[in-house]
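# What the coordinates show
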Amino acid sequence: MAVAWRTKPGEPVIEVKNLGVEFLRGRRRNLSLREIVYRRQATHVKDTFWALRDLSFTVGRGEAVGLVGANGGGKSTLLKMIAGTLLPDEGSVETKEGVAPLIELTGGFIGELSARENIYLTAGLHGMSTRAIDERFEEIVDFAGPQVRAGLNLPFRHFSSGMQARLGFGVITCLDEPILLVDEVLAVGDVAFREKCYDRMEVLLEEGRTLFLVSHSAADLMRFCTRGIFLRQGQLVDDGPMDLIMEQYMHDTMGDRYTPPTPEEREEERQKREQAKEERRLARHATREQQQVRNN
Ligand SMILES: Nc1ncnc2c1ncn2[C@@H]1O[C@H](COP(=O)(O)OP(=O)(O)OP(=O)(O)O)[C@@H](O)[C@H]1O
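Residues numbered from 1 in each chain as written. Predicted model: local features only at pLDDT ≥ 70, side-chain atom pairs only at ≥ 80, totals over all residues. Heavy atoms only, no water.

### Here we look at the pattern of salt bridges
With the rule as written, the count across this model stands at 25 salt bridges. With a shortest N-O distance of 3.3 Å, E139 and R200 are connected by a salt bridge. Remark: R200 occurs in helix α7 (residues 191-206) and E139 occurs in helix α4 (residues 130-144); sequence separation between them is 61 residues. For D142, the salt bridge goes to R149, with nearest N and O atoms at 3.0 Å. (Salt bridge = Lys/Arg side-chain N within 4 Å of Asp/Glu carboxyl O. Helix = DSSP H or I, 4+ residues; strand = E, 2+ residues; numbered from the N terminus.)

This is how it looks when you write it as structure tokens:
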């Protein structure tokens, strides 16, 4: 795929500075009718909380960052701010490259439109010409699988959550955007589809793209991410190597019931992961070569 870079290798692609977003909880006070009529007091009291606050970090081109934290910690909110679908109340998020977001399963597909129309709409919004989409259409649908192909002309809202995720992942990862945001999508697909997604994510990382992954699966985070960011109640707890951040999160959640690995065990795990990754890369390379021979 042809990624059109605007930055140089090693340059920051995302800069988050003192980021804060405040949400309204909207609590109704129990006022008496007398208070409402005579004192004209409002029935709603402004009740807000900071879903993210004082967040600052920089992400370099080609980094794979995993976001960890308990439910409600602010992970999805942070991805939406990087995607630009939510605006900050404080601070700023600057993205220096295009972003392909796969958030809330579907990357923003429209339920009333057919799957086919959603492919053209989403890819078009990300700058692809109709001709370029025509050329990639088969690849997207092949990736999404036969059930999606059979339902291409159905309204997207009739798709099962697994089929929505298949189409969403197929389209979003076919875009040429250098930054990929993935939020818990891998959790809904079946085993075969998940393997396909893993493979494609590895290929995109090999191409030097930048990944933000939100997942509650330690295995998924450790497989793809080299850097971890730990959020608790909207605040940054720590930012560092993925395995150390995962250990910190596990300790935060389980307390003394969690036994961290020894430095030797940690190093051994790192090496095993690297070796498995290299084996998968070589297997992909061999498959590609075989395909080329068959095509010639
Ligand atoms: N649009 C909104 N309006 C009000 N509150 C919101 C809104 N979106 C999210 N929240 C709240 O903001 C907090 C952070 O939510 P967020 O979805 O970012 O957490 P998360 O870390 O992704 O959680 P999970 O692991 O459960 O997916 C939660 O308390 C959530 O209820």
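### Here's the deal with the confidence of the model for the protein chain
With 91% of its residues at a pLDDT of at least 70, the protein chain reaches an overall mean of 89. Predicted complex metrics record ipTM = 0.97 and pTM = 0.88. (pLDDT = per-residue confidence, 0-100.)

### Details of the sheet that holds strand β6 (residues 90-95)
On the basis of which strands lie adjacent, the open sheet formed by 3 strands has the order β4-β1-β6 and antiparallel pairing. Only two strands of the sheet have a single neighbouring strand rather than two, namely β4 (48-60) and β6. Between one strand axis and the next, the sheet turns by 20° as a mean value, whatever way the strands run. As judged from the 9 bridges shared by strand β1 (residues 12-24) and β4, these two strands associate in the antiparallel manner. Of the residues in β4, the one forming a bridge with I14 is V59. (Pairing = 2+ DSSP bridges. Axes fitted to C-alpha atoms, helices over the stretch in contact; angles between N-to-C directions.)

### Digging into the site of the ligand
The immediate surroundings of the ligand are formed by 13 residues, with G72, K75, S76, T77 and H216 found nearest. With respect to the ligand, the backbone of G73 contributes an N or O atom lying 3.0 Å from an oxygen atom. A distance of 2.9 Å is found between an oxygen atom of the ligand and a side-chain nitrogen or oxygen belonging to H216. Calculation on the ligand without its partners gives an accessible area of 640 Å², and the protein chains cover 60% of this total. Looking at the shell around the ligand, the elements with two or more residues in it are β1, β4 and α2 (75-83). Among the elements that make up the shell around the ligand, the one with the highest residue count is α2 (3 residues). Residue classes in the shell around the ligand are distributed as 5 nonpolar, 7 polar and 1 charged. (Near = heavy atom within 4 Å. Polar contact = N/O pair within 3.5 Å; in protein donor to acceptor, adjacent residues only side chain to side chain. Areas by Shrake-Rupley, 256 points an atom, 1.4 Å probe, with all protein chains shown as cover. Nonpolar A, V, L, I, M, F, W, Y, C, P; charged D, E, K, R; others polar.)

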